[in-house]
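Examining the three-dimensional arrangement
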Amino acid sequence: MTVLDHRHHTAVPGWLPGATAPRSEPAPLLPDDAPVRLLGTPALEKYDPVLLRELYRRLVVGRRYNQQATTLTKQGRLAVYPASTGQEACQVAAALALGERDWLFPSYRDTLAVVSRGVDPLEALTLLRGNAHTGYDPIATRTAPLCTPLATQAPHAVGLAHAARLNGDPVVALALLGDGGTSEGDFHEALNFAAVLRAPVVFLVQNNGYAISVPLTAQSAAPTLAHKAVGYGMPGRLVDGNDAPAVHSVLTEAVERARTGGGPTLVEALTYRVEAHTNADDATRYRDDTEVAAWREHDPVLLMERHLRELGLLDDALVQEAADEAEALAARMRAEFHADAELDPMSLFAHVFAEPTPQLLEQAAQLSAELAAEAEVHDR
């Protein structure tokens, strides 16, 4: 029997006379009334202290990474940078929740998750620098290219996860989305596809409050985005997206559930985009300073430091060590971005199709001729 055979059998719905199949109960799929939190609760004392310190270290380095990339954008060294400042807990927890052979499917705002996955920080920014579609090998890193169109990576994640399971490979795919992505058809198609196939995939929606300038209230009337899960037949989980241990715990549970045949999970992390949407956005036009200030009080880096100090798991030496590592990364980014990359314009036509189309060959020939003419003029 294949994984699809059972779908070919029909049964009388559970709410009709003569039913042969019980009606599915929605209650087990619904998220908790309040988001999951670990910071400031007794449960944190039972958490692995080594993992807690690692989460803190990555948060500190990630915050500096975001700051330096934003500065490089202002200097013209990056074409655009969608910062994940304020969302670092989601980013680092997502990377740490995956196994080495699992796959990450990021959106354009998830460069920090890509870096936390082990991709070189400079390579992770290649797309946003405008140099190439991606700067790293997706197969080697088990990380899909940064996805600029909203939610199109979600069906890709489902397809890869389902194919891996058919091949007997215990791989889980984690798709990262924003709240704006949940308004796209690709999101709904991916969830339905994943639930019907019970594909080993996890969807993490980083609800940062806005789809560019559109607030969540103008996107969805659902109690939470996690409630959307029940409509597709998968569990929905709601978590404090600025609580790094909580995000890591919920995602780890969802990943293991998927790996052991439990099917997909939709996780909504409540967080906030502190910076503008990108350097091309003026966030002051649609939100006020009071709102931003309130979220800064719930900053994931500061929360983590305060609670780890209270538990005696963090001291000044460890704080300084993390800060030094962060500054070393920032210095490297400044140094390497100072020099312009040497690019081959003909690489535009590589890896587009396995067999180049006539149109692609024609365009390549045209560009080659233009480059040759330009070189001839330069040599005179």
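Residues numbered from 1 in each chain as written. Predicted model: local features only at pLDDT ≥ 70, side-chain atom pairs only at ≥ 80, totals over all residues. Heavy atoms only, no water.

Some points on the overall build of the protein
Basically, it comes down to this: Where helices and strands are cited, they refer to DSSP runs of H or I of at least four residues and of E of at least two residues respectively, numbered from the N terminus. Atoms considered for the radius of gyration are the C-alpha atoms alone. The globule rule reads 2.2 Å times the number of residues to the power 0.38. Burial classes: relative accessible area under 20% of the type maximum marks a residue as buried, over 50% as exposed, and values in between as partly exposed (1.4 Å probe, protein chains only). Here, two residues are considered to be in contact whenever any of their heavy atoms come within 4.5 Å of each other. To measure how exposed things are, a 1.4 Å probe is used in the Shrake-Rupley method; for residues, cover is taken only from the protein chains shown. Charged-residue counts in this description rest on Lys and Arg as positive and Asp and Glu as negative, His and the chain ends being excluded. A single reference atom marks each charge: NZ on Lys, CZ on Arg, CG on Asp, CD on Glu.
Across its full length, the protein holds 13 helices and seven strands. For 380 residues, the compact-globule estimate of 2.2 N^0.38 gives 21 Å, and the protein sits close to it at 23 Å. When its C-alpha atoms are laid out on the principal axes, the protein stretches across 90 × 60 × 40 Å. Looking at the protein residue by residue over its 380 residues, the buried ones come to 47%. Sequence-distant contacts in the protein: of pairs separated by 6 or more residues, those separated by 24 or more amount to 74%. Looking at the protein as shown, the accessible area adds up to about 18900 Å², and 55% of this sits on carbon and sulfur atoms. Of the charged side chains in the protein, 31 are positive and 50 negative, and the gap between their average positions amounts to 4 Å.

Describing the sheet that holds strand β3 (residues 201-207)
Going by this rule: Strand pairing is assigned whenever DSSP identifies at least 2 bridges connecting the two strands. Orientation is described by axes fitted as lines to C-alpha atoms, over the contacting stretch for helices, and by angles from 0 to 180 degrees between their N-to-C directions.
What the five strands build is an open sheet, ordered β1-β2-β3-β7-β6; its pairing is parallel. Looking at strand neighbours, the two that pair on one side only are β1 (103-105) and β6 (236-240), the edges of this open sheet. With direction set aside, neighbouring strand axes in the sheet form an average angle of 20 degrees. Pairing analysis gives six bridges linking strand β2 (residues 173-178) to β3, with the strands arranged parallel. When the sheet's bridge partners are listed, Gly178 is paired in β3 with Gln206.

Considerations on the nonpolar core
How we decide: Among buried residues, the Ala, Val, Leu, Ile, Met, Phe, Trp, Tyr and Cys ones that are joined through side-chain atoms within 4.5 Å form a nonpolar core.
Within the largest apolar cluster, 65 residues are counted, with the highest numbers of intra-cluster contacts made by Tyr65, Leu174, Val202, Leu251 and Met304. It is helix α1 (residues 49-74) that contributes the most residues to this core, 10 residues altogether. Ala154, Ala161, Ala164 and Leu191 belong to the second-largest nonpolar core, a separate cluster that totals 26 residues.

Here we look at the pattern of salt bridges
Going by this rule: Whenever a carboxyl oxygen of Asp or Glu lies within 4 Å of a side-chain nitrogen of Lys or Arg, that contact is scored as a salt bridge.
If you walk through the whole model with that rule in mind, you get 17 salt bridges. Across the pair Arg77 and Asp340 runs a salt bridge, and its minimum N-O distance is 3.1 Å. Here Arg77, found in the loop between α1 and α2 (88-97), pairs with Asp340, found in the loop between α12 (316-338) and α13 (358-379); they are 263 residues apart in sequence, far enough to count as distant. Judged by its relative accessible area of 66%, Asp340 falls in the exposed class. For the salt bridge of Arg259 with Glu256, the shortest nitrogen-to-oxygen distance reads 3.5 Å. Here Arg259 pairs with Glu256, and both are found in helix α9 (residues 244-259), just three residues apart, close to one helical turn.

A closer look at the pairing of β3
This is how the line gets drawn: Viewed with both strands pointing away, a crossover whose connecting path from the first strand over the helix to the second turns clockwise is right-handed.
Within β3, seven of the seven residues are buried, which leaves the element mostly enclosed by the surrounding structure. Since β2 and β3 lie parallel, the crossover through helix α8 (residues 185-197) that links them has a hand, and here it is right-handed. Two elements, β3 and strand β7 (residues 265-270), share six bridges in a ladder whose sense is parallel. In the sheet register, Gln206 faces β7, and the bridge partner there is Ala269.

Considerations on the packing of helix α7 (residues 153-166) against α8
To keep it simple, the criterion reads: Working definition: roughly parallel below 35 degrees, roughly antiparallel above 145 degrees, roughly perpendicular at 65 to 115 degrees, and oblique for all remaining angles. Take the far helix as the reference: if the near one is turned anticlockwise from it by less than a right angle, the crossing is left-handed, and if turned clockwise, right-handed.
At a minimum axis separation of 8 Å, α7 and α8 run at an interaxial angle of 20 degrees. Put simply, α7 runs roughly parallel to α8. For the element pair α7 and α8, the recorded crossing hand is left-handed. Together, Ala154, Pro155, Val158, Gly159, His162 and Arg165 of α7 and Asp186, Ala190, Phe193, Ala194 and Leu197 of α8 make up the contact between the two elements.

Description of α8
Going by this rule: To estimate the expected span of a helix, subtract one from its residue number and multiply by 1.5 Å.
The first and last C-alpha atoms of α8 sit 18 Å apart over 13 residues, in line with the 18 Å expected at 1.5 Å per residue. Among all positions of α8, only Phe187, Ala190, Leu191, Ala194, Ala195 and Leu197 are buried. Lining the buried residues of α8 we find α7, β2, β3 and β7.

A closer look at the packing of aromatic side chains
Selection rule: Any two rings among Phe, Tyr and Trp, with Trp reduced to its six-membered ring, count as a pair given centres within 6.5 Å; such a pair is stacked if its planes are under 30 degrees apart, edge-to-face if over 60, and tilted if neither.
The final tally for this structure, using the stated rule, is three aromatic pairs. Both rings, one in Tyr210 and one in Tyr286, keep their centres 5.3 Å apart while their planes meet at 55 degrees; by these two values the pair is tilted. Taken together, the residues Tyr210 in strand β4 (residues 210-211) and Tyr286 in the loop between β7 and α10 (289-296) connect sequence positions 76 residues apart. Summarising the aromatic geometry, the rings of Tyr272 and Trp295 are spaced 5.2 Å apart at their centres and angled 5 degrees between planes, so their arrangement reads as stacked. Of this pair, Tyr272 sits in the loop between β7 and α10 while Trp295 is found in helix α10, placing the two residues 23 residues apart along the sequence.

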